[in-house]
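# Survey of secondary and tertiary structure
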Amino acid sequence: MPSVPTNDLPASQPKISLYEGSTQFKNWRYSADQLKHIRRTLNEAAVAAIRKTFETDEPGSSTGVAFLNADEELLLVKLYITKITQLCGHFRFPEEVEATAITYLKRFYLKNTVMDWHPKNVMLTALFLATKTTNNPISLEMYTTHIPKTAPNDVLDLEFLVAQSLGFEFAVWHAYRALWGIWLDVQNFPGVTEKLETSLYDAALNHVRASRLTDVELIYSPSQIALSAFSLVFPDVASQWMALKSPHEVSTLSTIVDDIKSIITTHGHPPSVESVREVDRRLRLCKNPEKVVGSKAYLARKMDAERSAAEKRNKKAVEVQKAMEDGDPFGNELAEKRGLAGLVDYDDDDDD
Amino acid sequence: MATRTKVGGWLQGKTVRKGGALASATHTRSSTPQVQSTSTTVFGGGVKDASGRTTEYFSMDDQCPVCKSDRYLNPKLRLLVSSCYHKMCESCIDRLFTLGPAPCPICNKVLRKLAFTPQTFEDLTVEKEVAVRRRIAKEFNKQRGDFPDLRSYNDYLEEVEDITFNLINDIDVAKTEARIAAYRAENAALIELNIQREEAYARDLKEQEEAEKREREQRAAQLRREEEEEREEREKEKREIIDKLETSDKSAARLIAKSRANAAKRSSARAASATAIQSNAKLLRTRAAVDVPDVPHIPLQDNWYSYDDKYQLNPRGYNDFFSEAVRKDREGIMRGGGYMVEEAWDRALRCAVAALDLQPLVGLDVPAPWPQTDSSGDVIMAAV
């Protein structure tokens, strides 16, 4: 690097690397076991909740329903990841949009279940959100008119939910960019530049794309994934580069790379349509009725929500009334207010 | 209006009437030279703007408070302001004050014909305030440097403001005038000195401006001359090439290449001489810049490690088919927004080495943000 002015703060504080400062590192990095556990508990909780809704709706109706298990949910998500790729090809979105949308979809289903929110709609929303967060905006009309059987509301209704599930953490580090960086950096090796052909780059990029169908981005860092993809195409150059970049930990790094390689080659394929179709058919039966517009449970829940909102409103009205009677419509002295701070509901009603 | 100015030549400043079209129309209609009213010869007052012109207030509703004639009856009605700030039309002034000082028909103050001034502002109190302030500023012209400390300077300014206020609002006029007189007597020398100082400053400023103007003109002329020369030279070259192609039997491509090389040499010589001319301006600029030491700007004070030791951007660039279009973009259309391919490369390289040594998490007992679900299976934070 040319001399970038580095700010030497007190040496006692260890420097934090940029990746470790990212939300991707802080909040979206898991172990493989953790992922399994999260998906299982989420699935179990959802199944229990939906079963209860079925029972309150009509006792005994849940016995015949075959709920999805965690693996089947994952299969469905994987299918819709391939749909994102198709849509991006259709709209000619850049790589960044595609990768970001796929990451959003995966992260969303670590907080929510397929039985509540069908990935078809979530996928559309995630992609639309990704166009905006990566600064490749497209008008909503344009977006929905090019996708059959989609209204603007299908996209917008879920937008806040998706953003909220992502914790409003939209910045994503991508492996494809790291791959480009490796591609550039290995040109410093003598005699390598001649070997680097566009078709080989495309082959490596395809491995990165395949990695998006797997969980690796939730476990490993983007540079490791890119290195693995590169290593699948240029094994010798990759190991040379590895030795240069981390001379002390070549062995651990190569184990990581080998792990990722095996995951990409074994899991990095789109799911077979037959198996997914079966899952989707069953999903139609075990969808959370509370989320199906017009169903009894949906109406019940809606009424519930409305009742609680009305209660809240009434409570607020009473409070305002009281404040008016006290003389000062803006409340009493600050000193008195401080004592009551915990009791006063500052919340607006807008969030309902 | 122009005719009037020409006929008279009597105004100290040129008078421009506000309110435009109609006024000028009435003037152009009467193409015969107007009989000049004697009263107009004296009116040199009013508030001048930067170019030395007096802009006169003018309205369609003007009416002389003395004779009640208005613009409807007399389109050439011109109202002037007395020293007691009452308006009167020119004919009234002529009628009342030609025979010497006479009392104002409104307030009975004795007025002279010479003391009438054109009106600049619609509001006469503003007119008065401007006049008073101008008068005060002429005498109370001490500067910060004439005082030992800020406190006494501020006291002085306060006093000046007091006097001005009194004069504007006619409070204790006699006493205030006495104060002014006392001040004048006390500080006569200093006032004179300050007047001279200000004059000198104004003179300097003017001289400087003129010098700059001269220099600009000179430079423009030189530029024009150079351009002319260059054009001529080009024409000459063209003619030479054609001549040579006609006469000589050498290969055409070589002839053209040779003359091109010659032209390039000449143009570089010209550029060198041009920089010598510009260096004058540059010198001034650098002299101005010397006073302020240039501290390197560091936008963020943080403690991030950005993997700078792990990679190095190749200064010779890369063999990169992605950025080919940008690098070959000669007109710089793609770089319009400040896009630099080096920065994109830098980001990619940084991304390539970021967290390369990071160990993946293993097992279940690592702290992780478990999803929190409520009884309905929804994520709690995701309100429906």
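These figures come from a predicted structure and were not determined experimentally. (Residues numbered from 1 in each chain as written. Chains lettered and ligands numbered in written order. Predicted model: local features only at pLDDT ≥ 70, side-chain atom pairs only at ≥ 80, totals over all residues. Heavy atoms only, no water.)

## Thoughts on the overall build of chain B
Helix and strand counts for chain B come out as nine helices and eight strands. Looking at chain B as a whole, 28% of its 384 residues are labelled buried. For chain B, contacts bridging at least 24 residues in sequence account for 57% of all contacts bridging at least 6. Of the roughly 26100 Å² of accessible surface on chain B, a fraction of 55% belongs to carbon and sulfur atoms. (Helix = DSSP H or I, 4+ residues; strand = E, 2+ residues; numbered from the N terminus. Buried < 20%, exposed > 50% of the residue type's maximum accessible area, 1.4 Å probe, protein only. Contact = heavy atoms within 4.5 Å. Areas by Shrake-Rupley, 256 points an atom, 1.4 Å probe, with all protein chains shown as cover.)

## Brief notes about the sheet that holds strand E3 (residues 79-81) of chain B
Residue and element names in this part refer to chain B. Within the open sheet, the three strands sit side by side as E4-E3-E7. Their pairing is antiparallel. Each having just a single partner strand, strand E4 (87-89) and strand E7 (117-118) make up the two edges of the open sheet. Note: E3 against E7, two bridges, orientation antiparallel. Bridge pairing in E7 places Leu 80 opposite Pro 118. Packing of helix H3 (residues 90-97) onto the sheet brings it into contact with E3 and E4, and relative to E4 it is tilted by some 90 degrees. (Pairing = 2+ DSSP bridges. Axes fitted to C-alpha atoms, helices over the stretch in contact; angles between N-to-C directions.)

## Focus on the interface of chain A and chain B
Taken together, the 66 residues of chain A in the interface contact 56 residues of chain B. With both chains or domains summed, chain A and chain B bury close to 5700 Å², and 61% of this area falls on carbon and sulfur atoms. Counting every contact that joins chain A to chain B gives 15 residue pairs in polar contact (both at pLDDT 80 or more). It is helix H9 (residues 175-185) of chain A that provides the largest number of residues to the side of chain A that touches chain B, a total of eight residues. Direction of pairing for strand E1 (residues 16-17) of chain A relative to strand E8 (residues 304-305) of chain B: parallel, over a ladder of two bridges. Paired with Ile 16 of chain A across the strands is Trp 304 of chain B, a residue of E8 of chain B. (Buried area = accessible area lost by both parts, 1.4 Å probe. Polar contact = N/O pair within 3.5 Å; in protein donor to acceptor, adjacent residues only side chain to side chain.)

## Digging into the packing of helix H3 (residues 70-91) of chain A against helix H4 (residues 95-108) of chain A
Residues and elements named next belong to chain A. Where H3 contacts H4, the axes come no closer than 10 Å and their chain directions differ by 160 degrees. On the basis of their axis angle, the class for H3 and H4 is roughly antiparallel. As H3 runs across H4, the sense of the crossing is right-handed. The residues of H4 that touch H3, namely those facing Val 77, Tyr 80, Ile 81, Ile 84, Thr 85 and Cys 88, are Glu 98, Ala 101, Ile 102, Leu 105 and Lys 106. For the contact of H3 with H4, the residue count by class is eight nonpolar, one polar and two charged. (Parallel < 35°, antiparallel > 145°, perpendicular 65-115°, else oblique. Left-handed = near helix turned anticlockwise from the far one by under 90°. Nonpolar A, V, L, I, M, F, W, Y, C, P; charged D, E, K, R; others polar.)

## Some words on empty space enclosed by the protein
All names here are of chain A. The final tally for this structure, using the stated rule, is six cavities of 30 Å³ or more. Here the largest cavity defines a volume of roughly 130 Å³. Elements that contribute at least two residues to the lining of the largest cavity include exactly H4, H9, helix H10 (198-211) and helix H12 (222-233). Tallied by class, residues from the lining of the largest cavity come to seven nonpolar, four polar and two charged. Of the domains in this structure, domain 1 (24-60 + 68-172) and domain 2 (175-267) are the two that each give at least three residues to the lining of the largest cavity. (1 Å grid on protein atoms, 1.4 Å probe; cavity = no way out; pocket = protein on both sides within 12 Å on 5 of 7 lines; lining within 4 Å. Points joined across faces, edges and corners; volume = space filled by probe spheres on them. Domains from an automatic or database assignment.)

## Description of the layout of surface pockets
Residues and elements named next belong to chain A. Approximately 800 Å³ is the volume found for the second largest pocket. In terms of lining residues, the second largest pocket is bounded by 36 residues, among which Leu 35, Lys 36, Arg 39, Leu 74 and Asp 215 are the most central. Counting only elements with at least two residues in the lining of the second largest pocket, the list comes to helix H2 (32-57), H3, H4, helix H11 (216-219) and helix H14 (250-267). Classifying every residue of the lining of the second largest pocket by side-chain character gives 20 nonpolar, seven polar and nine charged. Residue contributions to the lining of the second largest pocket reach at least three from each of two domains, namely domain 1 (24-60 + 68-172) and domain 2 (175-267).

## Description of unusual backbone geometry
Positive phi outside glycine occurs at Asn 135 of chain A, with the angle close to 65 degrees. With respect to the helices and strands, the residue Asn 135 of chain A is situated in the loop between helix H5 (119-133) and helix H6 (140-145). The phi torsion at Asp 170 of chain B lies on the positive side, around 55 degrees, for a residue other than glycine.

## A word on the pattern of salt bridges
The full count for this structure, using the stated rule, is 31 salt bridges over all chains. With its nearest N and O atoms 2.8 Å apart, the salt bridge here joins Arg 39 of chain A to Asp 215 of chain A. Highlighted residues: Arg 39 of chain A in helix H2 and Asp 215 of chain A in the loop between H10 and H11, separated in sequence by 176 residues. You can call Arg 39 of chain A buried: its relative accessible area is 14%. The salt bridge partner of Arg 151 of chain B is Asp 155 of chain B, with a shortest N-O separation of 4.0 Å. Linking Arg 151 of chain B with Asp 155 of chain B, this pair stays in helix H5 (residues 150-168), spanning four residues, or about one helical turn. Connected through salt bridges with shared partners, the residues Glu 72, Glu 278, Arg 281 and Arg 282 of chain A form a single ionic network. (Salt bridge = Lys/Arg side-chain N within 4 Å of Asp/Glu carboxyl O.)

## Quick word on the packing of H9 of chain A against H12 of chain A
All names here are of chain A. At a minimum axis separation of 8 Å, H9 and H12 run at an interaxial angle of 60 degrees. Judged on the interaxial angle alone, H12 and H9 are oblique. In this structure, H9 meets H12 at a crossing whose hand is right-handed. Touching Ala 175, Ala 178, Leu 179, Ile 182 and Trp 183 of H9 are Pro 222, Ser 223, Ile 225, Ala 226, Leu 227 and Phe 230, all from H12.

## Things to note about H5 of chain B
The end-to-end C-alpha separation of H5 of chain B is 27 Å, in line with the 27 Å expected for 19 residues at 1.5 Å each. Looking at the residues trailing H5 of chain B, positive phi occurs at Asp 170 of chain B, about 55 degrees. (Expected span 1.5 Å × (residues − 1).)

## A few points about helix H6 (residues 173-247) of chain B
Residue and element names in this part refer to chain B. With 75 residues, H6 ought to run about 111 Å at 1.5 Å a step, yet its terminal C-alpha atoms sit only 98 Å apart, falling short of that. When the local axis directions of H6 are compared, the greatest deviation, roughly 80 degrees, occurs at Asn 187. Looking at H6, one finds that the buried residues are Thr 176, Ile 180, Tyr 183, Asn 187, Ile 191, Asn 194 and Glu 237. (Bend = angle between axes of the 7 residues up to and from the residue.)

## Examining the nonpolar core
If you look at the biggest cluster of nonpolar residues, it comprises 60 residues, and the most contacted ones within it are Leu 179, Ile 182, Val 186, Leu 227, Phe 230 and Trp 241 of chain A. For this core, the secondary-structure elements that each account for two or more residues are H2, H9, H10, H11, H12, helix H13 (235-245) and H14 of chain A together with helix H9 (341-353) of chain B. Apart from residues no more than four positions distant in its own chain, Trp 241 of chain A is found in contact with Ile 182, Asp 185, Val 186, Phe 189 and Leu 227 of chain A together with Ala 352, Val 353 and Leu 356 of chain B. The next biggest cluster of nonpolar side chains, apart from the first, holds 51 residues, and it includes Val 77, Met 115, Tyr 143 and Leu 158 of chain A. (Core = buried A, V, L, I, M, F, W, Y, C linked by side-chain atoms within 4.5 Å.)

## Notes on the packing of aromatic side chains
The final tally for this structure, using the stated rule, is 25 aromatic pairs over all chains. Aromatic pair Trp 183 of chain A and Tyr 201 of chain A: ring centres 4.8 Å apart, planes at 75 degrees, arrangement edge-to-face. Of this pair, Trp 183 of chain A sits in helix H9 while Tyr 201 of chain A sits in helix H10, and the two are 18 residues apart along the sequence. Accessibility classification places Trp 183 of chain A together with Tyr 201 of chain A in one group, the buried group. With 3.9 Å between their ring centres and 10 degrees between their planes, Phe 140 of chain B and Tyr 183 of chain B make a pair best called stacked. (Phe/Tyr/Trp six-rings, centres within 6.5 Å; stacked < 30°, edge-to-face > 60°.)

## Section: a positive patch on the surface
Together, Lys 244, Lys 250, Arg 254 and Lys 258 of chain B make up a positively charged patch on the protein surface. Structurally, Lys 244 of chain B can be placed in helix H6. (Patch = residues over 30% accessible without salt bridge, like charges linked within 9 Å, V, L, I, M, F, W, Y side chains within 5 Å. Lys, Arg positive; Asp, Glu negative; His and termini not counted. Charge placed at Lys NZ, Arg CZ, Asp CG, Glu CD.)

## Details of the confidence of the model for chain A
Residue and element names in this part refer to chain A. For chain A, the average pLDDT comes to 86, and 88% of its residues sit at 70 or higher. Per-element confidence in chain A is highest for H4, whose mean pLDDT is 96, and lowest for helix H17 (residues 334-340), whose mean pLDDT is 51. Considering only residues more than four positions removed or in separate chains, one finds that residues 1-11, a stretch of pLDDT under 50, has 14 contacts. (pLDDT = per-residue confidence, 0-100.)

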